Amino acid sequence: MMDAGRHPRIKMLTYSEIEEVTGYVGNFKARIRKKAKYVNENECTACGECAKICPVVVPNEFQMGLSTRKAIHIPFPQAVPSAYILDMDNCLGNNPIACGKCDDVCDKKCIDYDMQDEIININVGAVVVATGMDVYDPTALDDYGYTRFENVITSMEFERLICSEGPTQGHFIRPTDHKTPKTIGFIQCVGSRTQDPERGNPYCSNICCMNTVKDSLLLKDHYPDIEVKVFYMDIRAFGKGFEDLFMRSKEAGVMYIRGIPGEIEQDPKSNNLKLMVENTTTRQLEEHDLDMVVLSVGVIPRKDQEVVKKLFSLSSTSDGFLMESHPKLKPVDAPTGGVFFAGCAEFPKDVKDSVTQASAAAARAGTLLSAGKIKIEAITAVVDEEKCKLCGICVRVCPFNAIIFDKATKQPAHVIEASCKGCGTCSAECTFDAITMQHFTDRQMYAQIEAILSDKPMEKIVTFACNWCSYAGADLAGLSRLQFPANARIIRTMCSGRVKDKFVLHAFKLGAPIVLVSGCHFADCHYIDANRWTQKRVWKLWDKLEKMGVRPERLQLEWVSAAEGQKWSKVMKACEELRQQVTEEEVQQTIKTLKQEEEKKSSRAKKQPAPA
Amino acid sequence: MTEKKVGFEFRERLNKIVGGNHHNYCYQCGSCVAICPAARFSDDFNPRDILLKTLLGKPEELISADSIIWKCTNCYSCYERCPQDVRPVEVIIALKNICAEDGVLPPNVDKFSDTIAKSGRSVVMTSTVNRRRAELGLPELKDPPLNELEILLE
C-alpha cells in the first residue's frame, strides 16, 4: 500500500466513493465523491498532538472494538496517506465553543471543521473491482454462544489479540480475566459449508483452515505450554506449502480432533468453557474444558455489494459473489466490457490468489489500454432509425446498457457497438422490428424456420438453443453418445433472449407441432440476465396461445447448461412424447387461427390513418 | 476382510421414504452426536454412525428389533444442529418405518401400536383420568371415533 501510495503514476483516492459511472469500455466517466476528512492530508505530518488532546473516546473499529480511539485518529498504523482523519459523527468541534482543542494544538493548522466533500469527475478506460469481502457474524449460531460468552471470540478478534500492534501489544489474554489461557479451542467451518441458511453459507470459505493452522503455530511459538485443540471436519490444506505448515502445526503439538462440537457451555464462576464433541476417528464422545474458544468464521460477500453491481451492471453467482465472464476461460473479466475483478469480490481467496488475480486484472486492463483500440464481435445490434418509434423498450431490456436513447431530444435509439455483446434481446423485444441483429437477422431466422417445416412439419420439433449452454449441451449429448429422438431441428441463437415471439408464432403457422426454447440456467446466462427476458416473453406467449385456443404445452421452455447432456436427452424425449400427442387437426386449427389473427391485424392496420 | 461394497439398493429404498432421502447429504461432522442426549447416556447410540451405515447401505445392523435406532428419543436436537440439513432424526424415523414394513418391530412398539389401534389413544384411558379431569374442571374425555381411525390406519 505504501508503494502504491508513493508511485508517481498511481493516484490514490482514499475515503472516496464512486457515485455514478457512465460510458463504456475505454470511455468510462466516473463521478467520485471524495469525502471530507476535515484534516488537510498534504500538510498533516501525523505528529499525533491532536489525538493526545482529543477528549472524545470511541471504540476502535480496526481493533474489532477491543480498544478505543479518539474522534481524530489514524484508521490503522500503516494507513496511506499517513494523515489523521476527523470522525465528524463523534467530534465536538462542529461548535468551536464546545471544543476545538485539536485545532489549537495543531502547529501546521491543517484542521478545517468546514471542509466539504469534493466531487471529482474522471475519465477512465478500464475498471478493476476489488471491493473485498465481509466476515460472517456468528451471533446467529446460538449454540456457540458468541456475544453471550465473552471468552468465545472470532478469528478476526484473535488476530487483533495476538498482533503486536493490537489492543494488548501482542500479549495474548482472554477477555474475562486478562490472563493468558492455558487451553484454547478452534472451531472450524463456522458459517461455511452448511445447507441451513440460518447457519451460514453453502460454500467453503477457502481461507479459514490455513488461517487456523497459522494461528495455532503463532500460539505455540509465543506460548509453548498452551494446549491448542482444533475441531474440524476436513482440513483443506490445498495450496503450495500448505501441507507443510499443517504438518509443522501437528509437530508443534496442536491437537486436531475430527468432529464438530454441539454446544458450548460456560461455567458461571470461572468463565471457563465446556463443550461436547464426538471424536469421529475414535467414535468416542469427549468432553473438553477450555479457557477460550475461537470461532474460525467464514467469509461473505460485502453487504454493500449491490451498489457496485448497479454501478457497473454486474451480476452475482448463487453464492452472492460477483460473476465472471466465464468461470474457466475469463476468470478475471466481468461480463461488462472493460471491467475486471481482483480479490475476494469475486470469491474468497487467500493473499497469494488475490495477488495472482490482481496481477492478471492489471495485465488484462493494460492490454486493453495500451492497444488503444479493441476488436469487437461482428454480432451486434443495429437500429433502423426510420423504424424506431422512440418507445425505449430496447434501452430497458439491454443487460449491458449498450443502447442510448434520450426521449427529450427525440433522437432514435443508438447502439454503442463497443458495449453490445450481441444477445439480441433488444431485437426480440422491439415491437416495430427496428433492430437488426447482425448474423442472426429476422430474415435468417424465418428462413431457417421455413426450411425446417417445408417437409413433413408434423414430424419436426422446432428447437431454439442458445449458443453457450443449450447448443453446447446438445453437442455434449451427441458426443457422449446419448440416445434421443432425432427429429429435433435446432436453430442456434447467441442467447435464448434472441427468440422473438413472432418466430414461435411463425413456426406454429407453418404447422410445427412443438416448439422448444432453451437457454442457460439463471445466473449462468452469458448475457447477465437476458434469459429473464426470455422467460417473461414465453410467459406472455403462453397467455396469448391460451387465448387463441392453442395448447400452451406446445411451446416448451427449458434451461439446459453445457454440462447437461443427460438433461438435454431427457428434454428431447419429453418433447417427442408431447409431439406424439399433437394431432393433425389440432395443428390445422392452429394454422387457421393464426391466419385469422394475422388478417385481423392487417385490416386493423389499414383502417388506421397513416401517421402524419 | 469383508467385502467392501455400497448397498445402493437399500439407499434407494430409503430415498423413497419421506425424510429418508436427506441421508445423502451427510458429511460425517459429528455435531449430531455432540448434541444428542441419548448418545451421552448410551455408549452404543451414535446418530453419525447410523448415518454412516445408511450411506454405506448396510441394513443388517440397522433393520432389526434390537437395533440401536430404537434408542433415539426423537428430541429433534440433531435436526436443529445439523449443518447439512440431513435431519438425522427423520432418517431414523424412516429407518423405523422400514423396520415396520419388514415386520421386525421390538415387542414394546408392537404393543404400543396395538393400543392405539384398539383405543385410539397412545395412553390407555382409565376412570382415574376422568376423575382427575373433573376435579380440575376439565370436560370429560369421550371415546375417539375408532371407525375413522380404522380407515386412516388402512
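Thresholds applied
Residues numbered from 1 in each chain as written. Chains lettered and ligands numbered in written order. Predicted model: local features only at pLDDT ≥ 70, side-chain atom pairs only at ≥ 80, totals over all residues. Heavy atoms only, no water. Helix = DSSP H or I, 4+ residues; strand = E, 2+ residues; numbered from the N terminus. Rg over C-alpha atoms; globule rule 2.2 N^0.38 Å. Buried < 20%, exposed > 50% of the residue type's maximum accessible area, 1.4 Å probe, protein only. Contact = heavy atoms within 4.5 Å. Areas by Shrake-Rupley, 256 points an atom, 1.4 Å probe, with all protein chains shown as cover. Domains from an automatic or database assignment. Buried area = accessible area lost by both parts, 1.4 Å probe. Salt bridge = Lys/Arg side-chain N within 4 Å of Asp/Glu carboxyl O. Polar contact = N/O pair within 3.5 Å; in protein donor to acceptor, adjacent residues only side chain to side chain. Nonpolar A, V, L, I, M, F, W, Y, C, P; charged D, E, K, R; others polar. Pairing = 2+ DSSP bridges. Axes fitted to C-alpha atoms, helices over the stretch in contact; angles between N-to-C directions. pLDDT = per-residue confidence, 0-100. Patch = residues over 30% accessible without salt bridge, like charges linked within 9 Å, V, L, I, M, F, W, Y side chains within 5 Å. Parallel < 35°, antiparallel > 145°, perpendicular 65-115°, else oblique. Left-handed = near helix turned anticlockwise from the far one by under 90°. Core = buried A, V, L, I, M, F, W, Y, C linked by side-chain atoms within 4.5 Å. Expected span 1.5 Å × (residues − 1). Lys, Arg positive; Asp, Glu negative; His and termini not counted. Charge placed at Lys NZ, Arg CZ, Asp CG, Glu CD.

Q: Explain the overall build of chain B here, please?
A: Counting secondary structure elements, chain B contains 9 helices and 0 strands. Beginning at the N terminus, the succession of helices and strands in chain B can be written as α-α-α-α-α-α-α-α-α. Computed over the C-alpha atoms, the radius of gyration of chain B is 19 Å, more than 25% above the 15 Å expected from 2.2 N^0.38 for a compact globule of 154 residues. A principal-axis box enclosing the C-alpha atoms of chain B has dimensions of 65 × 30 × 25 Å. With 154 residues in all, chain B has 38% of them scored as buried. Once local pairs closer than 6 in sequence are excluded, the contacts in chain B between residues at least 24 apart make up 63%. Summing over all exposed atoms, chain B offers an accessible surface of approximately 9,500 Å²; the carbon and sulfur share of this is 55%.

Q: Sorry if this is basic, but what is going on with the domain arrangement of chain A here?
A: When the parts of a complex come together, some accessible area is lost, and that lost area is often used as the size of the interface. Here chain A is described as being made up of domain 1 (134-300), domain 2 (379-439) and domain 3 (447-612). Computed over C-alpha atoms only, the centres of domain 1 of chain A and domain 3 of chain A are separated by 55 Å.

Q: Looking at this structure, I do not really get the interface of chain B and chain A. What am I missing?
A: Counting residues at the interface gives 21 residues for chain B and 21 residues for chain A. Where chain B abuts chain A, roughly 1,700 Å² becomes buried across the two surfaces, and 46% of that area is made up of carbon and sulfur atoms. For chain B, the biggest contributors to the area lost against chain A are Tyr-27, Ala-34 and Arg-81 of chain B; these three give 31% of the whole. For the pair chain B and chain A, the interface holds 3 salt bridges. For the salt bridge of Arg-283 of chain A with Asp-49 of chain B, the shortest nitrogen-to-oxygen distance reads 3.2 Å. Between chain B and chain A we count 14 residue pairs in polar contact (both at pLDDT 80 or more) in total. Contributions of two or more residues to the side of chain B that touches chain A are made by α2 (31-35), α3 (37-41), α4 (47-56) and α5 (77-81) of chain B. With 4 residues, the top contributor of residues to the side of chain B that touches chain A is α2 of chain B. Its residues assigned to classes, the side of chain B that touches chain A shows 8 nonpolar, 5 polar and 8 charged.

Q: What is the right way to look at the sheet that holds strand β14 (residues 264-266) of chain A in this model?
A: Backbone hydrogen bonds are what pair the strands of a sheet, in a parallel or an antiparallel way. All names here are of chain A. If you trace the 3 strands from one edge of the open sheet to the other, you get β14-β15-β16, paired in antiparallel fashion. In the strand order of this sheet, the two ends are held by β14 and β16 (284-290), each with one partner. With strand direction ignored, the average angle separating the axes of adjacent strands in the sheet is 25°. Relative to strand β15 (residues 273-279), β14 is paired through 3 bridges, and the arrangement is antiparallel.

Q: Would you take a moment to explain the confidence of the model for chain B for this structure?
A: Any region with low pLDDT has predicted coordinates that should not be read closely. Residues and elements named next belong to chain B. Across chain B, pLDDT averages 88, with 98% of residues at or above 70. Across chain B, α2 holds the top mean pLDDT of 94, while helix α9 (residues 146-153) sits lowest at 82. Prediction confidence for the complex, expressed as pTM and ipTM, is 0.84 and 0.83 respectively.

Q: Would you take a moment to explain a nonpolar patch on the surface for this structure?
A: All names here are of chain A. Nonpolar side chains collect at one region of the surface, where Met-64, Leu-66 and Met-156 lie side by side and expose about 230 Å² of accessible area between them. As for its position among the elements, Met-156 is in helix α4 (residues 155-162). Residue class for Met-156 comes out partly exposed when judged on its relative accessible area of 36%.

Q: Teacher, can you tell me more about the sheet that holds strand β2 (residues 27-34) of chain A here?
A: Residue and element names in this part refer to chain A. The strand order β1-β2-β7 describes an open sheet built from 3 strands, whose pairing is antiparallel. Edge positions in the sheet fall to β1 (16-24) and β7 (118-124), since each has one partner strand and no second. Across the sheet, the mean angle from the axis of one strand to that of its neighbour is 20°, orientation sign disregarded. Relative to β2, β1 runs antiparallel, the two sharing 8 bridges.

Q: How should the packing of helix α11 (residues 442-453) of chain A against helix α13 (residues 501-509) of chain A be read in this particular structure?
A: Relative placement of two packed helices is described by the angle separating their axes and the distance separating the axes. All names here are of chain A. For the pair α11 and α13, the least separation of the axes is 10 Å and the interaxial angle reads 25°. Looking at the two axes, α11 sits roughly parallel to α13. The crossing of α11 and α13 is right-handed. Of the residues in α13, those in contact with Asp-442, Met-445, Tyr-446, Ile-449, Glu-450 and Leu-453 of α11 are Lys-502, Phe-503, His-506 and Ala-507. Counted by class, the contact of α11 with α13 contains 6 nonpolar, 1 polar and 3 charged residues.

Q: Hey, could you run me through the nonpolar core in this one?
A: Nonpolar side chains tend toward joint burial in soluble globular proteins. Within the largest apolar cluster, 53 residues are counted, with the highest numbers of intra-cluster contacts made by Val-462, Phe-464, Val-515, Tyr-527 and Leu-555 of chain A. Counting the residues that make up this core, at least three belong to each of domain 2 (379-439) and domain 3 (447-612) of chain A. Residues in contact with Tyr-527 of chain A, not counting those within four places in the same chain, are Pro-399, Phe-400, Lys-421, Gly-422, Cys-423, Trp-468, Met-494 and Cys-495 of chain A. Core analysis: the next-biggest nonpolar cluster, separate from the first, contains 28 residues, Phe-10, Leu-14, Ile-63 and Val-91 of chain B among them.

Q: Mind showing me how you'd approach the packing of α13 of chain A against helix α16 (residues 584-607) of chain A here?
A: Residues and elements named next belong to chain A. At a closest axis distance of 8 Å, the pairing of α13 and α16 adopts a crossing angle of 125°. Relative to α16, the element α13 lies oblique. Contacts from Leu-505, Phe-508 and Lys-509 of α13 reach α16 at Thr-590, Ile-591, Leu-594, Lys-595 and Glu-598.

Q: It is not clear to me how the pattern of salt bridges should be interpreted in this structure. Could you clarify?
A: Close approach of charged atoms lets side chains of opposite charge pair. Residues and elements named next belong to chain A. A complete count under the given rule lists 46 salt bridges over all chains for this structure. Between Asp-143 and Arg-199 there is a salt bridge, and its shortest N-O distance comes to 3.3 Å. Pair noted here: Asp-143 is in the loop between β9 (133-135) and β10 (152-154) and Arg-199 is in the loop between β11 (183-190) and α5 (208-222), with a separation of 56 residues, a long-range link. When the shortest N-O distance is used, the salt bridge between Lys-274 and Glu-287 registers 4.0 Å.

Q: Would you take a moment to explain helix α15 (residues 565-581) of chain A for this structure?
A: Since the α-helix packs 3.6 residues into each turn, any two residues three or four apart lie on the same face. All names here are of chain A. In this model, α15 (17 residues) spans 25 Å end to end at C-alpha, consistent with the 24 Å of a helix rising 1.5 Å per residue. The complete set of buried residues in α15 reads Gly-565, Trp-568, Ser-569, Val-571, Met-572, Cys-575, Glu-576, Leu-578 and Arg-579. The inward-facing, buried residues of α15 abut β24 (461-466), α12 (470-479), β25 (488-493), β26 (514-519) and β27 (555-559).

Q: I keep staring at a positive patch on the surface and nothing clicks. Help me out?
A: All names here are of chain A. Together, Arg-396, Arg-532, Lys-536 and Lys-540 make up a positively charged patch on the protein surface. The residue Lys-540 is located in helix α14 (residues 530-547) in this model. Since its relative accessible area comes to 60%, Lys-540 is described here as exposed.

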